[in-house]
Amino acid sequence: MTTAPIYLTTTIPYVNAKPHLGHALELVQADVLARHYRRRGHPVRFQTGTDDNSLKNVLAADAAGVGVQEFVDANAEAFVALAGPLSLSVDDVIRTSSDPRHRAGVERLWQACASAGDLYRRHYEGLYCVGCEAFYAADELSSGLCPEHGVRPQRVAEENWFFRLSRYAGRLRDEITAGRLRIEPAGRRNEVLAFIAGGLADFSVSRSTERAHGWGIPVPGDPGQVIYVWWDALGNYLTALGYGSDEANLARWWTGASRRVHLLGKGVLRFHAVYWPAMLASAGLRLPTDIIVHDYLTVEGRKISKSGGASVDPAALAGEYGTDAIRWWLLRDVPRIGDADFTRERLVHKANDELAHGIGNLVNRVVAMIGKYRDGVVPPDREHAPVSVGRAGHRAPAAIDAALAVGDFRQATAAVWAIAEEANRYISQARPWLLARAERDGDQEAGRQLDAVLAALVGICRQLADELKPFLPDAAARIARQTTALDGVLPPAQPVFARQESNPAASATFSASASCNEL
Ligand SMILES: [Zn+2]
């Protein structure tokens with residue numbers, strides 16, 4: 001097993017508003033990968049952050065009548081604070097406006113590309129969407145509107161710095177087709193290859209300081225220009241590691257990492273799979289190894305919007321339904337390909353069906369049976385099981401590895417869920433309550449069989465706790481506590497999941513979700 005370091009990032013959202021459920025999706029996905037790779041023995045650095053230097057932040061702060069720094073500080077804090085309610089194992093957070101590591105690194109990246117001869121000044125006119133912070137060609141618009149935001153872009157004419165993207169088309173195509181730069185799912189890889197095949201035009205990488213409202217990082221040696229916010233933002237993946245400030249750390253986590261993994265939404269694919277690798281190549285740095293792309297969430301059929309409209313606050317949702325229920329919905333219901341629609345009913349249904357009823361009920365029944373039939377003492381493993389069990393558990397680790405390697409969180413959680421399903425079937429087949437009755441009536445063989453069944457079931461619950469760790473770390477810890485003997489005895493059975501009410505005002509208490517009616 002290789003134990004080389006793995007570097008894992010989310011995109012850094014611009015903080016023109018509070019976080020929404022789409023941010024939670026990407027953060028939870030990245031957290032699962034971070035926890036998974038740590039479990040497999042890799043040193044992992046899981047990094048997130050906020051993009052403070054966007055013009056959108058300036059405009060939103062103006063609209064709110066607040067100073068820009070004050071405004072971005074307040075919103076950035078809400079993003080950083082998601083780590084608690086979502087149980088995120090983040091190692092590092094970078095904020096592009098205030099982190100001392102950032103500006104030095106962005107300037108250095110600029111100078112490295114300038115030294116390579118890839119930056120030049122020219123007059124430019126184009127159609128600019130402030131929402132995207134990007135220029136569009138006329139044929140990329142839909143009916144004259146930005147395809148992401150549905151707004152008419154502004155015509156902008158100014159003298160800018162340009163990056164020689166055109167020089168890197170061949171290199172990028174080779175890296176992607178050879179699989180050294182993996183883009184998942186394959187449809188996204190094909191999209192990038194088609195974009196490259198269509199010809200790469202140099203892109204503008206600065207703005208006049210005036211148009212940027214003086215917000216952002218000045219171009220080194222050209223104070224009339226501010227570095228394009230995307231250049232600045234993409235740079236975070238390096239600057240947080242110490243590019244321009246801590247070379248040893250950079251060598252460990254970027255140059256020396258076996259995988260450099262970026263998670264992102266489909267809307268920013270081009271920036272990450274084309275612009276960013278080209279910038280790295282220009283600066284003489286290694287490229288990312290994996291780009292894992294998710295699609296979008298809608299809320300009750302409507303596009304998520306930060307500015308009014310459909311939005312769900314992930315922290316508030318965690319307060320209502322609990323961390324496990326949200327993580328499980330994001331991982332278990334959201335497909336790898338295609339947008340997914342969030343409703344509270346779906347979240348509640350998934351949590352009740354699979355967590356409270358499926359996994360929770362299993363653990364509760366097993367612990368309760370051991371309490372009732374064996375005074376809480378887990379019987380030793382015996383060779384007398386009447387029915388065999390364990391195929392799902394045997395398959396799970398490899399299935400989880402394969403699914404997570406391509407960013408398929410639904411497949412990965414399916415492998416865990418299969419363990420619980422198999423165990424619940426096993427209980428109905430093995431019928432331990434009948435074995436217990438026969439044992440009471442003097443059948444010693446039934447007693448030995450009961451020992452074997454209970455031992456197998458505790459083993460499965462312990463494996464469930466283990467396999468759930470990357471996905472539901474809090475629940476995994478509760479199941480582990482329930483199935484770990486203290487002074488030789490399991491703790492009394494308690495529900496490990498709250499049964500959810502559709503109307504959370506009716507309280508999501510830990511009701512007796514376990515229906516132990518066979519006992
Ligand atoms: Zn746009």
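Calculation criteria
- The residue count restarts for each chain, going from 1 along the sequence in the order it is written.
- Reporting in this predicted model follows two pLDDT cut-offs: at least 70 for local features of residues, and 80 or more for side-chain atom pairs to be given and counted; totals over whole chains, interfaces and linings ignore these cut-offs and use all residues.
- Here the side-chain values reflect all heavy atoms present in the structure, with hydrogen atoms and water set aside.
- For Na, K and Ca the donor cut-off is 3.2 Å; for every other metal, N, O and S atoms count as donors within 2.8 Å. Water does not enter the count, which can leave sites looking incomplete.
- A four-donor site is classed as tetrahedral when every donor-metal-donor angle falls between 85 and 135 degrees; four donors are called square planar, and six octahedral, when trans pairs exceed 155 degrees and all remaining angles lie between 65 and 115, with any other arrangement labelled irregular.
- Numbering of helices and strands starts at the N terminus; helices are DSSP runs of H or I of at least 4 residues and strands are runs of E of at least 2.
- Type-normalised accessible area, obtained with a 1.4 Å probe on protein chains alone, sets the label of each residue: buried when under 20%, exposed when over 50%, and partly exposed for intermediate values.
- Grouping buried Ala, Val, Leu, Ile, Met, Phe, Trp, Tyr and Cys residues that are joined through side-chain atoms within 4.5 Å yields what is termed a nonpolar core.
- Any two residues whose heavy atoms approach within 4.5 Å at even a single point are treated as in contact.
- Only protein atoms enter the calculation, which uses a 1 Å grid: trapped sets of points that fit a 1.4 Å probe without letting it out are cavities, open sets showing protein on both sides within 12 Å along at least five of seven lines are pockets, and any residue with an atom within 4 Å of a point is a lining residue.
- Grid points are joined across faces, edges and corners, and a volume is the space filled by probe spheres set on the points.
- Gly falls in the polar group here, along with every residue not listed as nonpolar (Ala, Val, Leu, Ile, Met, Phe, Trp, Tyr, Cys, Pro) or charged (Asp, Glu, Lys, Arg).
- Salt bridges, as used here, are contacts in which a Lys or Arg side-chain nitrogen is within 4 Å of a carboxyl oxygen on Asp or Glu.
- Here a Phe, Tyr or Trp ring, Trp counted by its six-membered ring, pairs with any other such ring whose centre lies within 6.5 Å, and the pair is stacked when the planes are under 30 degrees apart, edge-to-face when over 60, and tilted otherwise.
- Each ring is checked for a lysine NZ or an arginine CZ that lies within 6 Å of its centre and within 35 degrees of its normal; such an atom marks a charge sitting over the ring.
- For two strands to count as paired, DSSP must find a minimum of two bridges between them.

(A) The coordination of the zinc ion, seen in detail. Coordination of the zinc ion by the protein is provided by C129 (SG), C132 (SG), C146 (SG) and H149 (ND1), with metal-donor distances spanning 2.1 to 2.3 Å. Considering all four donor atoms around the zinc ion, angles at the metal cover 96 to 117° and the coordination shape is tetrahedral. Each donor residue of the zinc ion lies on one chain, and together they are spaced C-x2-C-x13-C-x2-H. Of this pair, C132 sits in the loop between β4 (119-129) and β5 (134-136) while H149 sits in the loop between β5 and β6 (154-163), placing them 17 residues apart in sequence. In this structure H149 comes out as partly exposed when scored by relative accessible area, which is 36%.

(B) Expanded view of the nonpolar core. L21, L297, L330, L347, I359 and F471 are the most contacted members of the largest nonpolar core, which totals 87 residues. Of the residues forming this core, the biggest block, 13 residues, is contributed by helix α13 (residues 344-374). Those residues in contact with L21, other than ones at most four positions away along the chain, are L297, I304, V312, P314, L317, W329, L330 and F342. Among the nonpolar cores identified, the runner-up in size contains 79 residues, and C132, Y136, V274 and M279 belong to it.

(C) Representation of empty space enclosed by the protein within the structure. If you walk through the whole model with that rule in mind, you get two cavities of 30 Å³ or more. Of the voids in this model, the largest cavity is the one considered here, and its volume is about 120 Å³. Looking at the largest cavity, it is lined by 15 residues, and the ones nearest its centre are L55, E133, R207, A212 and V229. Only β11 (222-227) and α7 (229-234) provide two or more residues apiece to the lining of the largest cavity. Of the residues contributing to the lining of the largest cavity, the split by class is eight nonpolar, three polar and four charged. Roughly 100 Å³ of volume is contained in the second largest cavity. In terms of lining residues, the second largest cavity is bounded by 14 residues, among which Q29, P335, R336, G407 and F409 are the most central. Taken together, the elements giving at least two residues each to the lining of the second largest cavity come down to α1 (21-39), β13 (290-294), α12 (323-332) and α15 (409-430). Among the elements that take part in the lining of the second largest cavity, β13 stands out by supplying three residues, more than any other.

(D) Inspection of the pattern of salt bridges at higher detail. In total, this model carries 39 salt bridges according to the counting rule given. Residue K266 is joined to D339 by a salt bridge in which the shortest nitrogen-to-oxygen separation is 3.0 Å. With K266 in the loop between β12 (259-265) and α10 (269-282) and D339 in the loop between α12 and β16 (340-342), this pair connects stretches of sequence that are 73 residues apart. The class of K266 is partly exposed, set by a relative accessible area of 23%. Take D339: its relative accessible area is 43%, and that puts it in the partly exposed class. As a salt-bridge pair, R374 and E439 come within 3.0 Å of each other at their nearest N and O atoms. Placement of the pair is R374 in helix α13 and E439 in helix α16 (residues 432-440), with a sequence separation of 65 residues. Each of R182, E184, R259, D290 and R336 takes part in salt bridges that share partners, so that together they form one network.

(E) Fine view of the packing of aromatic side chains. For the coordinates displayed, the defined rule picks out 16 aromatic pairs. Their ring planes at 65° and their centres at 5.8 Å tell us that F163 and W231 sit as a pair that is edge-to-face. One end of the pair, F163, is in strand β6; the other, W231, is in helix α7, with 68 residues separating them in the sequence. The buried category is assigned to F163, whose relative accessible area is 0%. Judged by relative accessible area, W231 falls into the buried class, the value being 1%. One aromatic cluster is present, formed by W110, W161, F163, Y168, F203, W230, W231, F271 and Y275 through successive ring pairs. Over the face of the ring belonging to Y128 we find R211, whose NZ or CZ atom lies 4.8 Å from the ring centre. Positioned over the ring face of W253 is R252, at 4.6 Å from the centre of the ring.

(F) Seen up close, the pairing of β11. Bridge count for strand β9 (residues 206-208) against β11 is three bridges, and the pairing is antiparallel. The partner of S206 across the bridge, within β11, is I227. Note that strand β10 (residues 218-219) and β11 share two bridges and pair antiparallel. If you follow P218 over to β11, its bridge partner there is V226. Hairpin connection from β10 to β11: two residues lie between these consecutive antiparallel strands, with G221 at a positive phi of about 80°.

(G) Geometry of unusual backbone geometry. Between E184 and the following residue, P185, the backbone shows a cis peptide bond with an omega angle of -5°. Counting through the fold element by element, P185 comes out in the loop between β7 (182-184) and α6 (186-197). The phi dihedral of E133 falls on the positive side, at around 50°, and the residue is not glycine. Mapped onto the fold, E133 is located in the loop between β4 and β5. Judged by relative accessible area, which is 5%, E133 ranks as buried. One non-glycine residue, H213, lies in the positive phi region at around 55°. Locating H213 in the fold gives a position in the loop between β9 and β10.

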